[in-house]
Amino acid sequence: MTTLAPFAPVAPPEPDLTPETVLARAEALAATLVERQAETEERGYYAEDTHEAFARAGLYRILVPRRYGGYEFGPETFMKVSMALARGCPSTGWMYLFGAAHALVAGTLFDEATQAELFADGDFICPATVAPAGSARPDGEGGWIVDGTWNYCSGSPYATHFIGHTLVSGGEGEPPAPMLFIAPRAQFERLDDWGTQLGLKGSGSHSIRIDGGRVPGRHTLGGHLSQLAVTEQTPGRNLHGPEYGGGPLSFMLLELGVLAVGMAKGALDAYEELMRTRTTAFFPIVPRTEDPDFQFRYGEATGLIAAAEAAVLHATQQWKQLCLAEAAAFTREEELRLATISREAVRLAWRAVEGQLFPTAGSSSVRAGERVERVWRDLSTLHSHAGNGVFLSTLANRELAQAHFGTAAAQ
């Protein structure tokens, strides 16, 4: 058995950094991403100098607990930073969010000694997938030997770790049971298999392959991330405070709403630029800013996007308030209620882009590679994400009602 040395808290690189400053840095970086969208798509992920700029700005440490050298700025700052980056480049925002978000998972669910190992390098970039794949067998020393390939690992190009799920023997006469595991970068390989999809071509959502990887037992949890209950004290709540005791499912699904709003705001930026620089195609020929129809479309889209932003950010505040209440407050029903708010934010953002901006921007503005066209593709692809297209559109509604009324799922 491995004996772990006592842990001594580590100061973050900039002890006096504030949430306001880190958000301002993200917004400044987002402005530089607009002109790099095409190269990001061509590469399949954002550039190394962008990654280095994110690291210098502290973006990978927003959700890392402070005792491990992170900033522990909480969910609202993280969501606003992610929204800003998605506004500048949807692929970059997606890749950043799904790489950096899972510091909250690790900081919530694992014990103190394991967290000290996982966060040893400060920056924590950890894609996660929820579809079980591969296999795991006991290594005879309390750990597991893991093999398999996991698809859609957004954030993998610069990942320090990977969270995956597999199925393990549930015992004699029992069905296989899910197991969550965290593997360090040395144990996995990123495959060069991303970039041919309709949208989010630059999101770094490559597959990860593990061939005989060794995972210590303390780096695993029995169960599935979407099903883990937090109505009891989590290790993170005891170690760091209430915001490391929140529901992982609802936070994971709120992320989709945040990204959709950021993308839609980018499309609105592009539409505004078109209004300021182009004229109407039919008489009277006037600047688009003076045309009542373009004014209406812009106003309609602005309202939809603003409503989506208000909904998803307020839902994030509700997530935090549930954490602050008590562990027992974060029930399955509350998790699903918050998740459905995110679903509606996605729908509002999509209505703005698909119904107002894309069809009236003009054919030259929706050619391949144009900003409005790119957001349309990326939001279309977001709709195909399993969390949004499968879970939120159907399963969440039924499960929410079942949790509320105390009824069993139909067999």
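Look above for the structure.
A separate point is the sheet that holds strand 4 (residues 177-184). Within the open sheet, the three strands sit side by side as 3-4-7. Their pairing is antiparallel. On the outer flanks of this sheet lie strand 3 (161-168) and strand 7 (220-222), each paired with one strand and no other. Strand after strand, the sheet turns through a mean of 20° between neighbouring axes, direction not considered. Pairing of strand 4 with strand 7 involves three bridges; the strand directions are antiparallel.

Another aspect to go through is the sheet that holds strand 5 (residues 189-190). Here we have four strands laid out as an open sheet, ordered 1-2-6-5, and antiparallel in their pairing. Looking at which strands have only one partner, the edges of the open sheet turn out to be strand 1 (135-138) and strand 5.

What follows deals with the pairing of strand 6 (residues 208-215). Consecutive residues of a regular strand have side chains that alternate between opposite faces of the sheet. Both strand 2 (residues 144-150) and strand 6 contribute to a ladder of six bridges, which runs antiparallel. When the bridges of strand 6 are listed, valine 146 appears paired with glycine 213. Both strand 5 and strand 6 contribute to a ladder of two bridges, which runs antiparallel. Within strand 6, the residue paired with arginine 190 across the bridge is isoleucine 208.

With the rule as written, the count across this model stands at three cavities of 30 Å³ or more. Counted as a void, the largest cavity has a volume near 100 Å³. Lining of the largest cavity is provided by 13 residues; of these, Leu104, Val105, Gly247, Pro248 and Phe251 occupy positions nearest its centre. Contributions of two or more residues to the lining of the largest cavity are made by helix 6 (103-109) and helix 9 (248-277). Looking at the lining of the largest cavity residue by residue, the classes come out as eight nonpolar, four polar and one charged. Considering only enclosed or pocket space, the second largest cavity measures out at about 40 Å³ in volume. Taken together, Leu33, Arg36, Glu39, Thr40, Arg43, Tyr46, Ala47, Thr50 and Thr92 make up the lining of the second largest cavity.

Our focus in this paragraph is the pattern of salt bridges. Counted by the stated rule, this structure contains 23 salt bridges. A salt bridge links glutamate 41 to arginine 374; the shortest N-O distance between them is 3.1 Å. One end of the pair, glutamate 41, is in helix 2 (residues 37-43); the other, arginine 374, is in helix 12 (residues 371-383), with 333 residues separating them in the sequence. For the pair formed by glutamate 41 and arginine 374, the shared burial category is buried. Each of Arg36, Glu39, Arg43 and Asp49 takes part in one network of salt bridges that share partners.

Moving on, we get to the packing of helix 4 (residues 74-88) against helix 5 (residues 90-100). The interhelical angle for the contact between helix 4 and helix 5, taken along N-to-C directions, is 155°, at an axis separation of 5 Å. In terms of their interaxial angle, helix 4 and helix 5 are classed as roughly antiparallel. Contacts between helix 4 and helix 5 involve Phe78, Val81, Ser82, Leu85, Ala86 and Gly88 from the former and Pro90, Gly93, Tyr96, Leu97 and Ala100 from the latter. When grouped by side-chain class, the residues that make up the contact of helix 4 with helix 5 number eight nonpolar, three polar and no charged.

With that out of the way, let us pick up helix 5. With respect to burial, helix 5 is a largely interior element, eleven of its eleven residues being buried. Pro90, Ser91, Thr92, Gly93, Trp94, Met95, Tyr96, Leu97, Phe98, Gly99 and Ala100 are the residues of helix 5 that are buried.

What counts and how
Residues numbered from 1 in each chain as written. Predicted model: local features only at pLDDT ≥ 70, side-chain atom pairs only at ≥ 80, totals over all residues. Heavy atoms only, no water. Pairing = 2+ DSSP bridges. Helix = DSSP H or I, 4+ residues; strand = E, 2+ residues; numbered from the N terminus. Axes fitted to C-alpha atoms, helices over the stretch in contact; angles between N-to-C directions. 1 Å grid on protein atoms, 1.4 Å probe; cavity = no way out; pocket = protein on both sides within 12 Å on 5 of 7 lines; lining within 4 Å. Points joined across faces, edges and corners; volume = space filled by probe spheres on them. Nonpolar A, V, L, I, M, F, W, Y, C, P; charged D, E, K, R; others polar. Salt bridge = Lys/Arg side-chain N within 4 Å of Asp/Glu carboxyl O. Buried < 20%, exposed > 50% of the residue type's maximum accessible area, 1.4 Å probe, protein only. Parallel < 35°, antiparallel > 145°, perpendicular 65-115°, else oblique. Contact = heavy atoms within 4.5 Å.

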